[in-house]
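Given next are the chains, with one letter for each unit.
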Amino acid sequence: TWTKGRVILIGDAAHAMLPTQGQGASQAFEDAEALAAYFEDVHGVPTREDVEETLSKVFQCRYERASLIQKYSRDSTRPATAKGSNEVTLRPDEFMDYNCGYKGAKEWQSRAVAAVS
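Reading the values: rules and limits
- Residues numbered from 1 in each chain as written.
- Predicted model: local features only at pLDDT ≥ 70, side-chain atom pairs only at ≥ 80, totals over all residues.
- Heavy atoms only, no water.
- Helix = DSSP H or I, 4+ residues; strand = E, 2+ residues; numbered from the N terminus.
- Contact = heavy atoms within 4.5 Å.
- Phe/Tyr/Trp six-rings, centres within 6.5 Å; stacked < 30°, edge-to-face > 60°.
- Buried < 20%, exposed > 50% of the residue type's maximum accessible area, 1.4 Å probe, protein only.
- Salt bridge = Lys/Arg side-chain N within 4 Å of Asp/Glu carboxyl O.
- Axes fitted to C-alpha atoms, helices over the stretch in contact; angles between N-to-C directions.
- Parallel < 35°, antiparallel > 145°, perpendicular 65-115°, else oblique.
- Left-handed = near helix turned anticlockwise from the far one by under 90°.
- Nonpolar A, V, L, I, M, F, W, Y, C, P; charged D, E, K, R; others polar.
- Core = buried A, V, L, I, M, F, W, Y, C linked by side-chain atoms within 4.5 Å.

Trainee: Summarise the environment of Ile10; cite the residues concerned and give the values.
Mentor: Inspection of the secondary structure puts Ile10 in the loop between strand E2 (7-8) and helix H1 (23-39). Sequence spacing of Ile10 and Ala32 is 22 residues, and the spatial spacing of their C-alpha atoms is 7.6 Å. Residues within four places of Ile10 in sequence aside, it is in contact with Asp31 and Leu35.

Trainee: Would you mind going over the packing of aromatic side chains in detail, with residue names and values included?
Mentor: Throughout the structure, instances matching the rule amount to four aromatic pairs. Both rings, one in Trp2 and one in Tyr63, keep their centres 6.0 Å apart while their planes meet at 50°; by these two values the pair is tilted. With a gap of 61 residues between them, Trp2 in the segment before strand E1 (3-4) and Tyr63 in helix H2 (residues 48-75) connect regions that are remote in the sequence. Classification of Trp2 as buried rests on a relative accessible area of 9%.

Trainee: Account for the pattern of salt bridges, naming residues and giving values.
Mentor: Across all of its chains, the model carries eight salt bridges by this definition. For Glu40, the salt bridge is made with Lys106, and the minimal N-O distance between the two is 3.8 Å. Here Glu40, found in the loop between H1 and H2, pairs with Lys106, found in helix H4 (residues 105-116); they are 66 residues apart in sequence, far enough to count as distant. Overall, Glu40 belongs to the exposed group, its relative accessible area being 54%. Residue Lys106 is classed as partly exposed on the basis of its relative accessible area of 30%. Through salt bridges that share partners, Glu30, Asp31, Arg62 and Arg65 make up one connected network.

Trainee: Describe in detail the environment of Phe95, supporting the description with residues and values.
Mentor: As for its placement among the helices and strands, Phe95 is situated in helix H3 (residues 92-100). When the C-alpha positions of Phe95 and Tyr72 are compared, they lie 8.1 Å apart, and in sequence the two are 23 residues distant.

Trainee: Report on the packing of H1 against H2, specifying residues and quantitative values.
Mentor: Look at H1 against H2: their axes get within 10 Å of each other, and the N-to-C directions meet at 150°. Accordingly, the angle class assigned to the pair H1 and H2 is roughly antiparallel. In the packing of H1 onto H2, the handedness of the crossing is right-handed. Contacts between H1 and H2 pair Gln23, Gln27, Glu30, Asp31, Ala34, Leu35, Tyr38 and Phe39 from the former with Val51, Thr54, Leu55, Lys57, Val58, Cys61, Arg62, Arg65, Ala66 and Ile69 from the latter. Its residues assigned to classes, the contact of H1 with H2 shows ten nonpolar, three polar and five charged.

Trainee: So, the nonpolar core: which residues are in play, and what are the values?
Mentor: Of all hydrophobic cores here, the largest spans 21 residues; its most connected members are Trp2, Ile8, Tyr38, Val58 and Ala105. Of all the secondary structure elements, the ones that give two or more residues to this core are H1, H2, H3 and H4. Among the elements that line this core, the one with the most residues is H2, at eight residues. Those residues in contact with Ala105 that lie beyond four places of it in its chain are Glu33, Ala34, Tyr38 and Cys61.

Trainee: So what's going on with the environment of Gln70? Which residues, and what values?
Mentor: Residue position: Gln70 is located in helix H2. Dropping the residues within four chain positions of it, Gln70 is found in contact with His15, Ala16 and Met17.

And the structure:
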């Protein structure tokens, strides 16, 4: 987890990226957008529990996406013959659609919920 109490790590502190694809800054921007999107629902002076719950939502929303992009970035530096069950199965064009089609944390979360339903 990237959260503890009222603190959340974002960007490379939470999910360090290799410099080969320039994803570090992109993912930090996405983390910041998710924080803004989820905290806009908090009104007045938030309680400690409000902050912790909101940070947990941000983590839950961002973890899968940031982890896949991190893994793809790492795997793309290995030979195409790398073995193991953790191999990323997206083709480069699929990854570009996945990476560049992001429209914000809440839209991303709603697609994830719809996929499960």
